[in-house]
Amino acid sequence: MVLHRRCTTIVLSLLLSGLLVLAGCSTQSPSVSEEESRDLPDRYEMAAAYAETHAGDALVVWEAGEIVLERAQNGYDLDDPHFLASGTKSFAGVAALAAAADGHLSLDERVAETIPAWRDDPQKSKITVRQLLHLTSGLDPGEAGGAPAFDDAIQAPMLDAPGTTFRYGPSAFQVFGALLQRRLDSEDPLRYYERRLFEPIRAEVGDWARVDGQDPQLAGGAWLTARDWLRFGRLLLNDGRWEGEQVLPTGLLDSLTAPTPASPGYGLTVWLNAAVDPGDPFFEHAPRSLQPDGPEGMIYADGPSDLFMAAGLFNQRLYVVPSREMVVVRFGRADATWSDAEFLARLLDGREYEAPTRAQRPMRERVELLTTLRLRRLNTAVDLTEAQENALRPIVEKQVRALAKIRQQRDQSGSLSRRERRRWFRQLRRVQRQTDRAIEAELRVEQVEAYRAFREEQRERWRETWREQR
């Protein structure tokens with residue numbers, strides 16, 4: 001297989017322009033014809049319709065030993081490799097387990113044994129390979145979409161003590177690449193990925209982004225077809241076996257899906273449908289698009305606890321559900337309204353996701369969840385201190401309770417006259433003005449400016465939504 005070298009800037013420009021496919025090869029897999037699809041269970045059709053209307057490009061479902069649904073959507077060609085973005089990260093976890101089985105490394109060894117620059121650093125010298133891939137190393141995670149070169153990642157500053165805090169980003173994966181390269185006597189990590197992960201399952205990589213044309217982007221650089229990513233998912237589903245042969249170490253699934261205290265919703269490079277308190281610090285540094293569905297399950301509260309997924313920008317998804325013998329690949333483009341829970345409710349349970357399920361949670365729990373989410377967004381916008389966050393929590397909680405009461409009154413009133421709508425909007429504005437004044441009183445001058453810019457952005461987004469709905 002050929003891994004084309006392309007500069008990261010080219011990939012990002014393609015991404016921004018919406019050209020998310022490149023020409024490539026495909027592998028043959030059993031599929032469901034259009035005629036047969038008319039006899040599919042409703043849940044497949046419901047899931048396919050949801051995926052398509054949310055900027056979907058492709059949907060492929062493997063269940064009980066065969067492909068039961070295979071759809072190209074919105075003009076996409078299933079033979080074209082698709083950008084996986086952060087869906088790429090899961091390859092690193094599997095490669096690490098393969099390298100451990102091959103005797104190249106140990107997950108619990110200290111990275112400093114291989115990276116000399118870390119040996120004299122009091123914190124970096126303690127980081128293990130496992131902590132790198134659980135994203136609990138304490139390193140500055142870097143910016144999503146802007147992975148550093150291997151050497152630059154090694155120089156990333158420390159933000160937390162190793163093993164104490166989950167921080168999502170590319171730096172740890174690039175450090176892992178540097179480590180793996182040195183353990184493989186300077187072999188390109190992608191060549192190792194190729195011969196250990198892809199060749200045994202006859203999957204081909206259409207392309208892989210590199211940083212400045214050199215180091216592979218291991219946090220988000222892969223392009224695969226839906227069928228080839230599905231093959232990788234089937235390898236995970238079968239605990240490293242492919243067509244009767246154990247090509248990866250046994251116990252693969254257990255190792256991938258084991259969380260840590262600092263990363264209760266994230267295993268070894270995969271997201272878990274774990275029961276995580278929505279207020280857990282874990283979510284403070286998780287992607288905004290991956291917020292908890294509820295305390296019973298992070299991805300889909302009503303779904304199986306053994307569900308896990310690889311996830312990437314613009315809702316690229318590889319779902320694996322061992323208890324259902326299911327693997328699902330979903331490709332798409334930017335759509336902020338995508339919901340894993342909405343999609344999985346249709347696919348797994350054959351029903352629309354019931355909004356009342358969330359509404360039926362105790363009011364205290366809902367208020368706590370919304371307060372935490374609002375504070376998290378506020379912290380991202382103005383960089384709060386711990387003392388400020390503590391001071392703002394009761395202010396935001398008061399706002400959440402007031403808005404909930406106003407909306408409840410609105411829902412109970414049914415259709416509103418124009419006069420009643422104006423009165424309802426005046427109530428909302430009054431609550432927001434009071435909240436703005438109370439929040440600004442707790443901020444420094446430069447933070448107030450950032451907060452006002454944040455609020456203006458919110459207002460503009462609301463106005464756009466209102467215009468669309470009208």
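Note: the structure precedes this text.
Read on for an overview of the structure. (Residues numbered from 1 in each chain as written. Predicted model: local features only at pLDDT ≥ 70, side-chain atom pairs only at ≥ 80, totals over all residues. Heavy atoms only, no water.)

**Describing the sheet that holds strand β10 (residues 271-272)**
What links the strands of a sheet is backbone hydrogen bonding, and the strands pair in either a parallel or an antiparallel sense. Reading across the sheet, the six strands line up as β3-β2-β13-β12-β11-β10 and stay open at both edges, with antiparallel pairing between neighbours. Of all the strands in the sheet, just β3 (66-72) and β10 have a single pairing partner and so form its edges. Note that strand β12 (residues 316-321) and strand β13 (residues 326-332) share five bridges and pair antiparallel. Bridged to Val 320 within β13 is Val 327. (Pairing = 2+ DSSP bridges. Helix = DSSP H or I, 4+ residues; strand = E, 2+ residues; numbered from the N terminus.)

**Some thoughts on the pattern of salt bridges**
One pass over the full model with this rule turns up 22 salt bridges. A salt bridge links Arg 183 to Glu 109; its shortest N-O distance comes to 2.6 Å. Of this pair, Arg 183 sits in helix α7 (residues 171-183) while Glu 109 sits in the loop between α4 (89-101) and α5 (129-133), and the two are 74 residues apart along the sequence. With its nearest N and O atoms 2.8 Å apart, the salt bridge here joins Glu 243 to Arg 202. Of this pair, Glu 243 sits in the loop between β8 (241-242) and β9 (245-246) while Arg 202 sits in the loop between α8 (189-198) and β5 (207-211); the two residues are 41 residues apart in sequence, bridging distant segments of the chain. According to the relative accessible area criterion, Arg 202 is partly exposed, its value standing at 42%. Linked through salt bridges whose partners overlap, the residues forming this network are Glu 70, Asp 79 and Arg 227. (Salt bridge = Lys/Arg side-chain N within 4 Å of Asp/Glu carboxyl O. Buried < 20%, exposed > 50% of the residue type's maximum accessible area, 1.4 Å probe, protein only.)

**Concerning the packing of aromatic side chains**
The geometry of an aromatic ring pair comes down to the distance between the two centres and the angle between the two planes. One pass over the structure, following the stated rule, counts 19 aromatic pairs. Relative to Phe 282, the ring of Trp 271 has its centre 6.2 Å away and its plane inclined at 65°; by these criteria the two rings are edge-to-face. Pair noted here: Trp 271 is in strand β10 and Phe 282 is in the loop between β10 and β11 (308-312), with a separation of 11 residues, a long-range link. Take Trp 271 and Phe 282: they sit in the same class, and that class is buried. Here a set of aromatic residues connected by ring pairs shows up, and it is made of Phe 166, Tyr 168, Tyr 266, Trp 271, Phe 282 and Phe 283. Over the face of the ring belonging to Trp 338 we find Arg 330, whose NZ or CZ atom lies 4.1 Å from the ring centre. (Phe/Tyr/Trp six-rings, centres within 6.5 Å; stacked < 30°, edge-to-face > 60°. Lys NZ or Arg CZ within 6 Å of the ring centre and 35° of its normal.)

**With respect to the nonpolar core**
Within the largest apolar cluster, 113 residues are counted, with the highest numbers of intra-cluster contacts made by Phe 91, Trp 118, Phe 176, Tyr 193, Trp 229, Trp 271 and Phe 343. Ranked by residue count, the leading element in this core is α4, at eight residues. Discounting residues that sit within four places of it in the chain, Trp 229 has contacts with Leu 84, Gly 87, Phe 91, Leu 224, Ala 310, Gln 316, Arg 317, Leu 318, Val 329 and Phe 331. Counting residues in each nonpolar core, the second largest holds 14 residues, with Val 400, Ile 439, Leu 443 and Phe 454 among its members. (Core = buried A, V, L, I, M, F, W, Y, C linked by side-chain atoms within 4.5 Å. Contact = heavy atoms within 4.5 Å.)

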